[in-house]
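The chain contents come next:
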Amino acid sequence: MNLILMGPPGAGKGTQADTIKAAYPVPHISTGDMFREAVQQGTAMGLKAKSYMEQGQLVPDEVTIGIVEERLAQSDCQQGFLLDGFPRTIVQAEALDQVMKKLGGRIEAAINIAVPDEVLIQRTTGRVSCAACKTVYHTVFNPPAQAGVCDKCGGKLLQRSDDQEETARRRLEVYHQQTSPLLGYYQQRGILYSIDGDRAANQVFADIQEVLAGL
Ligand code: ADP
Ligand code: ADP
Ligand code: ZN
């Protein structure tokens, strides 16, 4: 199963991906996670990505396409994959089509998680995640038992610097300008499934399961 999870910043892509991958064990490929890791490790790619991420802008297509192409060519992706946060531009979507052609497969579904802008700002600005195991929480909607401490491993919970309100709003603008046109791209291909993401995470997941069962 080759899937794309789409949606604006804070829609719940990462949260749903974690649940999907428990039910359907395919690699979860998050370009945001890959970039954050590269920044943390100080690699050349991380250095390139850092300033764009801090400003809430997209990392240039050629950098992003390169890392995804490399990742999809790895053997664990042959039985399927779940892309989270890629593609984010039409150029990336066209590149993905080329990569799929080369690999001899196709994207079966682009699942879009739709959430109103003001809810998205509440979600991103309250998001914290574990420095050790990366589990994501929300200070109000999904709080840990003890503030600032991971339930699962006791690690420290940190806020992403790009989740501060000003940058979160810029990312939302970038989404509307550069990423939302992709909805039409996948709709034209007949593989777009849009889901109301402004509900409890388990209700959103139930709808995703229904889409996956119908593929
Ligand atoms: P969100 O939780 O807002 O959806 P991500 O973790 O997916 O954010 O992405 C964080 C940042 O990483 C983005 O704001 C952008 O700078 C960069 N990034 C992630 N995916 C892409 C992509 N497909 N194209 C360009 N930049 C990306
Ligand atoms: P994305 O990967 O799309 O940026 P996340 O999965 O990281 O989104 O979710 C953003 C924030 O919203 C996190 O703090 C998460 O705990 C919270 N969240 C995710 N899904 C829901 C939901 N259905 N209702 C309320 N809060 C949610
Ligand atoms: Zn943890």
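Since the structure is predicted, the reported quantities are computational estimates derived from the model, not experimental observations. (Residues numbered from 1 in each chain as written. Chains lettered and ligands numbered in written order. Predicted model: local features only at pLDDT ≥ 70, side-chain atom pairs only at ≥ 80, totals over all residues. Heavy atoms only, no water.)

K.L.:
How do you make sense of the sheet that holds strand β2 (residues 28-30) when you look at a structure like this?
P.N.:
Across a sheet, paired strands are connected by hydrogen bonds in the backbone, their directions being either parallel or antiparallel. Pairing is parallel across the open sheet formed by five strands, whose spatial order is β2-β3-β1-β4-β8. The open sheet has two free edges, formed respectively by β2 and β8 (192-196), since each of these has just one partner strand. Across the sheet, the mean angle from the axis of one strand to that of its neighbour is 20 degrees, orientation sign disregarded. Contacting β2 and β3 (81-84), helix α2 (residues 31-41) crosses the sheet at an angle of about 65 degrees to β2. (Pairing = 2+ DSSP bridges. Helix = DSSP H or I, 4+ residues; strand = E, 2+ residues; numbered from the N terminus. Axes fitted to C-alpha atoms, helices over the stretch in contact; angles between N-to-C directions. Contact = heavy atoms within 4.5 Å.)

K.L.:
Can you walk me through the site of ligand 1 in this structure?
P.N.:
As a structural note, the neighbourhood of ligand 1 is formed by 18 residues, with Lys13, Thr31, Gln57, Arg88 and Arg171 the closest of them. Measuring from a nitrogen atom of ligand 1, one finds a backbone N or O atom of valine 59 at 3.0 Å. Contacts to ligand 1 include arginine 160, whose side-chain N or O atom sits 3.3 Å from an oxygen atom. Starting from 550 Å² of accessible surface for ligand 1 in isolation, the protein chains cover 96%. (Near = heavy atom within 4 Å. Polar contact = N/O pair within 3.5 Å; in protein donor to acceptor, adjacent residues only side chain to side chain. Areas by Shrake-Rupley, 256 points an atom, 1.4 Å probe, with all protein chains shown as cover.)

K.L.:
Just to check I follow, could you spell out empty space enclosed by the protein for this structure?
P.N.:
Over the atoms, a rolled probe matching the size of one water molecule traces out where space is still vacant. Applying the stated rule across the entire model yields one cavity of 30 Å³ or more. Here the largest cavity is characterised by a volume of approximately 60 Å³. Mapped by element, the contributors of at least two residues to the lining of the largest cavity are β1 (2-6) and α7 (165-179). Here the residues of the lining of the largest cavity are counted per class, giving five nonpolar, three polar and two charged. (1 Å grid on protein atoms, 1.4 Å probe; cavity = no way out; pocket = protein on both sides within 12 Å on 5 of 7 lines; lining within 4 Å. Points joined across faces, edges and corners; volume = space filled by probe spheres on them. Nonpolar A, V, L, I, M, F, W, Y, C, P; charged D, E, K, R; others polar.)

K.L.:
Even after reading the chapter, I still don't get unusual backbone geometry, so can you show me in this structure?
P.N.:
Both trends apply: most residues other than glycine have a negative phi, and most peptide bonds are in trans. Cis geometry marks the peptide bond from phenylalanine 86 to proline 87; its omega dihedral reads -5 degrees. Looking at the secondary structure, you find proline 87 in the loop between β3 and α5 (90-103). A positive phi is found at lysine 134, a non-glycine position, where the angle reads about 75 degrees. Topologically, lysine 134 is positioned in the loop between β5 (127-130) and β6 (136-138).

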